[in-house]
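Fold and geometry: a report
Each chain is listed here by its residues.
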Amino acid sequence: MMSSNRFNFMRRVLGVFQCRGRGGEREIRVVMESTLRNGESVADMEDKSGVGGGVLDAYGEDSATEDQLVTPWTVTIASGYTLLRDPHHNKGLAFSEKERDAHYIRGLLPPSILTQELQEKKVMQNLRSYDVPLHRYVAMMDLQERNERLFFKLLIDNVEELLPIVYTPVVGEACQKYGNVFRRPQGLFISLKEKGRILEVLKNWPEKNIQVIVVTDGERILGLGDLGCQGMGIPVGKLSLYTALGGVRPSACLPITLDVGTNNQKLLDNEFYIGLRQKRARGQEYYDFLHEFMCAVKQNYGEKILIQFEDFANHSAFELLAKYRTTHLVFNDDIQGTAVVVLAGVVSALKLVGGTLADHTFLFLGAGEAGTGIAELIALEISKKTNTPVEETRKKIWLVDSKGLVVSSRVESLQHFKQPWAHDHEPVKELLDAVKAIKPTVLIGTSGVGKTFTKEVIEAMASFNKKPVILALSNPTSQSECTAEEAYTWSEGRAIFASGSPFDPVEYNGKVFVPGQSNNAYIFPGLGLGLIMSGTIRVHEDMLLAASEALAAQVTEENYEKGLIFPPFTSIRNISAQIAANVAAKSYELGLATHLPRPRNLIKFAESCMYSPIYRNYL
Ligand SMILES: NC(=O)C1=CN([C@@H]2O[C@H](COP(=O)(O)OP(=O)(O)OC[C@H]3O[C@@H](n4cnc5c(N)ncnc54)[C@H](OP(=O)(O)O)[C@@H]3O)[C@@H](O)[C@H]2O)C=CC1
Ligand SMILES: CC(=O)C(=O)O
Ligand SMILES: [Mg+2]
């Protein structure tokens, strides 16, 4: 039944496009015909989706019933100079002779025709010639604004080299200097000035079929603090990873910065600051503004729009997540995405250090979003695996904040998210003393403060652990609790180390150690794809555990031999497909998926959803 519906749907699409006979539409017709010509059965087609840029009921015409009103959209075709200026369609020197004639671009380009591969080689060569990392960032942003497919091809093919540019650490510097590097809008800026008109502002964004929003209010950008409106670099960077690492179509991604002011006086005094020049709105004014935003997003894009909260300060992050998790498809990357990646890393580390999760003792420096988020997911996983109440499994997890060890005598003055971690213990002020008192097997840095894992701290960890697990998660590199070199040297080459921002391999005593990157970038692209492709309406904690399991399963013997607890980013698209499939499977199991019927092979389905950056041929 479904097979013939899908088949009819395709026939109908063909009919519409043929009778209109417009160039841009003929392109879609060809895609459809070649799909059918590949000899795949109609049943195979059910395992494919339009999420990745193929077939979508973009204008709602196909899903509308006969008595519903639809907007009579017309498609205008970009040609000539406009085509060269349109980043979605521009191919630069890769336009063929035929395309140059058909689209009125002859003479607007020099005569040479390059392949996409040669263009890629040229851009990489140019990028590598810049010594200043920020210049590479600006060059990448320029490319994204000029030729989107080439940008994503570069990012996908050179992920380990370019991730540190478009993402941490360089994106951190870009945010600090965003006023200087800002060129063209890459997302929506919604400020307090737009209060009461947020829906109207959303409608100004040119793309209509948005599937994922990454939103920040800029108050805790990486470990760099309040960068106000200049935090925009983060949603832009995260969403470029949604496409490059997770295969979500770029046109379905919308970066948003909510500008509610900043308490960063340096920015307020900076003549190039791009945001509102006022102190942050707090309390009712802030939450009313956020509520208007959340309602407007749902009204404009529907129930299944995924909203990723990013780099909010913890005093709003926990509250927003708690408030909207039951009414919207939301997840907080810093609390939940980080937890998923770290749980996967710790589970893989067990292969190297032995024991089960329940056998280990965890100590965190930093009891905020990342710290308590990770702690809670580890406690939940142990609880599920050992059938022990989570109140019990929390007892082997300890946290240190800026005032020292989180203990029961402090409970009255602790923020609510720290309270479950206030165990009975005498007060301990310093991390080193806490390490000596608790004797953790796993030490995790989520403080946002660099250089806090001192020589003494690492040596103490190495004194009672054969293989201490040390995760310095704070970003960017300047805020990392220690460097890879410090971890390996001070532990005499015994540490199992990973960090939030990348470090180069380290040679110690004639052996090369390859540090892993423990970053939520492993998770949110695949998790998001899994939610989108299954039409999931709410995020459930079991989906987080499913994502974590999928990531841990991707670590190979070869990786372990190098001391790695994460697979390399070079296989991230495959990893994302596995994560997406596991997440979607859980969603179907929980009855939270609306894309029905459930595709039989979820991995194949995830792969078929993924955006490809290869140029299309224009007729
Ligand atoms: N690798 C990854 O994937 C991710 C990394 N991160 C990084 O983690 C860091 C923290 O983020 P997040 O948890 O959201 O931030 P929060 O602000 O929510 O938490 C920071 C925590 O660190 C504590 N802290 C601050 N200074 C010190 C200090 N000198 N000694 C001990 N504790 C201290 C704070 O204590 P108090 O509560 O007393 O103020 C707070 O508990 C950032 O650098 C961020 O980039 C975040 C998400 C993902
Ligand atoms: C990686 C990330 O989300 C952070 O540092 O905030
Ligand atoms: Mg973040």
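Treat the numbers as computed from the prediction; the structure is a model and nothing was measured.

Focus on the overall build of the protein
- Along its length, the protein carries 27 helices and 14 strands.
- Counting over 619 residues, the protein shows a buried share of 57%.
- Residue pairs at least 24 apart in sequence account for 71% of intrachain contacts in the protein once pairs closer than 6 positions are excluded.

Comments concerning the nonpolar core
- Grouped together as the largest cluster of nonpolar side chains are 125 residues, with contacts concentrated most on Tyr137 and Tyr242.
- Looking at this core, the element that brings in the most residues is helix α17 (residues 333-353), giving 10 residues.
- When near neighbours in sequence (up to four residues on either side) are disregarded, tyrosine 242 contacts Val212, Val214, Gly247, Val248, Cys253, Leu306, Gln308, Phe331, Phe524, Pro525 and Gly528.

Topic: the environment of asparagine 475
- Within the fold, asparagine 475 resides in the loop between β10 (469-472) and α22 (484-490).
- Spatially, the C-alpha atoms of asparagine 475 and histidine 425 are 30 Å apart, while their sequence positions differ by 50 residues.
- If we skip the residues at most four places from it in the chain, asparagine 475 touches Thr168, Leu222, Gly223, Gly500, Ser501 and Asn519.
- Reaching out from asparagine 475, the side chain makes a polar contact with the side chain of serine 501 at a distance of 2.7 Å.

Quick word on the sheet that holds strand β4 (residues 306-309)
- Here five strands make up an open sheet; going across it, the order is β1-β3-β2-β4-β5 and the pairing parallel. Strands with a single pairing partner mark the edges of an open sheet, and in this sheet they are β1 (188-191) and β5 (329-332). Taken over all neighbouring pairs, the strand axes of this sheet differ in orientation by 25° on average, direction set aside.
- As paired elements, β1 and strand β3 (residues 253-259) share four bridges and run parallel to each other.

Quick look at the site of ligand 2
- Lining the immediate environment of ligand 2, one finds Tyr167, Arg220, Leu222, Lys238, Glu310, Asp311, Asp333, Asp334, Asn475, Asn519 and Asn520.
- Aspartate 334 places a side-chain nitrogen or oxygen 3.0 Å from an oxygen atom of ligand 2.
- In this structure, an oxygen atom belonging to ligand 2 sits 3.1 Å away from a side-chain N or O atom of asparagine 520.
- Its free accessible area being 210 Å², ligand 2 has 91% of it covered by the protein chains.

As for the coordination of the magnesium ion (ligand 3)
- At the metal site, the magnesium ion (ligand 3) is ligated by Glu310 (OE), Asp311 (OD) and Asp334 (OD), and these contacts range over 2.1 Å.
- When the donors of the magnesium ion (ligand 3) are listed by position in the chain, the intervening gaps give E-D-x22-D. Taken together, the residues span a long stretch of sequence, with aspartate 311 in the loop between β4 and α16 (314-324) and aspartate 334 in helix α17 at a distance of 23 residues.
- Taking the relative accessible area as the measure of exposure, aspartate 311 reaches 1% and is therefore buried.

Overview of the packing of helix α15 (residues 283-301) against α16
- Direction vectors running N to C along α15 and α16 enclose 45°, while the axes themselves pass 12 Å from each other. Accordingly, the angle class assigned to the pair α15 and α16 is oblique. The crossing of α15 and α16 is right-handed. Residues Tyr286, Tyr287, Leu290, His291 and Met294 of α15 lie in contact with α16, whose contacting residues are His315, Ser316, Glu319, Leu320, Lys323 and Tyr324.
- Here the residues of the contact of α15 with α16 are counted per class, giving six nonpolar, three polar and two charged.

A word on the side chain of arginine 573
- As for its placement among the helices and strands, arginine 573 is situated in helix α26 (residues 572-590).
- A polar contact of 2.9 Å, which involves the side chain of arginine 573, links it to the backbone oxygen of tyrosine 611.
- The contacts of arginine 573, once residues within four sequence positions are left out, are Ile156, Thr243, Ala244, Leu245, Gly247, Met610 and Tyr611.

Observations concerning the UniProt feature "domain: Malic enzyme NAD-binding" (unreviewed entry) in the protein
- Under the feature "domain: Malic enzyme NAD-binding" (unreviewed entry), the UniProt entry names residues 335-588.
- Split by type, residues 335-588 is 43% helix and 12% strand. Its first and last C-alpha atoms lie 24 Å apart.

Looking at the environment of lysine 208
- With respect to the helices and strands, lysine 208 occurs in the loop between α12 (198-202) and β2 (212-216).
- Its relative accessible area of 43% is what places lysine 208 among the partly exposed residues.
- Sequence separation between lysine 208 and serine 251 is 43 residues, and the spatial gap between their C-alpha atoms is 8.5 Å.
- Among residues more than four places away in sequence, those in contact with lysine 208 are Lys203 and Tyr301.

Observations regarding the packing of helix α23 (residues 524-533) against α26
- At their nearest, the axes of α23 and α26 sit 7 Å apart, and the two run at 45° to each other. Judged by the angle between their axes, α23 and α26 are oblique. In terms of crossing hand, the pair formed by α23 and α26 is right-handed. Contacts from Pro525, Gly526, Leu527, Leu529, Gly530, Leu531 and Met533 of α23 reach α26 at Ser576, Ile579, Ala580, Ala581, Val583, Ala584 and Tyr588.

Looking at the domain arrangement of the protein
- One can read the domain layout of the protein as domain 1 (82-164), domain 2 (168-332), domain 3 (337-518) and domain 4 (522-609).
- Taken over C-alpha atoms, the centre of domain 1 sits 42 Å from the centre of domain 3.

Brief notes about the UniProt feature "binding site: (S)-malate" (unreviewed entry) in the protein
- The positions that UniProt labels "binding site: (S)-malate" (unreviewed entry) are, in the present scheme, Arg220, Asn475 and Asn519.
- The topology assignment puts arginine 220 in the loop between β2 and α13 (233-244).
- Discounting residues that sit within four places of it in the chain, arginine 220 has contacts with Gly225, Asp311, Phe312, Ala313, Asp334 and Glu369.
- For asparagine 475, a relative accessible area of 15% translates into the label buried.

As for the site of ligand 1
- In the vicinity of ligand 1, 26 residues are found, and the nearest of them are Arg220, Asn314, Ala367, Ser402 and Lys418.
- At a separation of 2.8 Å, an oxygen atom of ligand 1 approaches a polar side-chain atom of arginine 220.
- A distance of 3.3 Å separates an oxygen atom of ligand 1 from a polar backbone atom of glycine 368.
- Mapped by element, the contributors of at least two residues to the shell around ligand 1 are α17 and α18 (369-386).
- Considered class by class, the residues forming the shell around ligand 1 number six nonpolar, 15 polar and five charged.
- The two domains that each donate at least three residues to the shell around ligand 1 are domain 2 (168-332) and domain 3 (337-518).

Notes on the sheet that holds β10
- Strand order in the open sheet formed by seven strands is β8-β7-β6-β9-β10-β11-β14, with mixed pairing between adjacent strands. Both edges of this open sheet fall to β8 (404-405) and β14 (516-517), since each of them pairs with a single strand only.
- The sheet contact formed by strand β6 (residues 362-365) and strand β9 (residues 442-445) spans four bridges and is parallel. Bridging across to β9, leucine 363 finds its partner in leucine 443.
- Across the face of the sheet, helix α20 (residues 431-438) comes into contact with β6, β7 (397-401), β8 and β9 while running at roughly 175° to β6.

Conventions adopted
- Residues numbered from 1 in each chain as written.
- Chains lettered and ligands numbered in written order.
- Predicted model: local features only at pLDDT ≥ 70, side-chain atom pairs only at ≥ 80, totals over all residues.
- Heavy atoms only, no water.
- Helix = DSSP H or I, 4+ residues; strand = E, 2+ residues; numbered from the N terminus.
- Buried < 20%, exposed > 50% of the residue type's maximum accessible area, 1.4 Å probe, protein only.
- Contact = heavy atoms within 4.5 Å.
- Core = buried A, V, L, I, M, F, W, Y, C linked by side-chain atoms within 4.5 Å.
- Polar contact = N/O pair within 3.5 Å; in protein donor to acceptor, adjacent residues only side chain to side chain.
- Pairing = 2+ DSSP bridges.
- Axes fitted to C-alpha atoms, helices over the stretch in contact; angles between N-to-C directions.
- Near = heavy atom within 4 Å.
- Areas by Shrake-Rupley, 256 points an atom, 1.4 Å probe, with all protein chains shown as cover.
- Donors = N, O, S within 2.8 Å, 3.2 Å for Na, K, Ca; no water.
- Parallel < 35°, antiparallel > 145°, perpendicular 65-115°, else oblique.
- Left-handed = near helix turned anticlockwise from the far one by under 90°.
- Nonpolar A, V, L, I, M, F, W, Y, C, P; charged D, E, K, R; others polar.
- UniProt positions renumbered as here; feature names shortened; annotations may be inferred.
- Domains from an automatic or database assignment.

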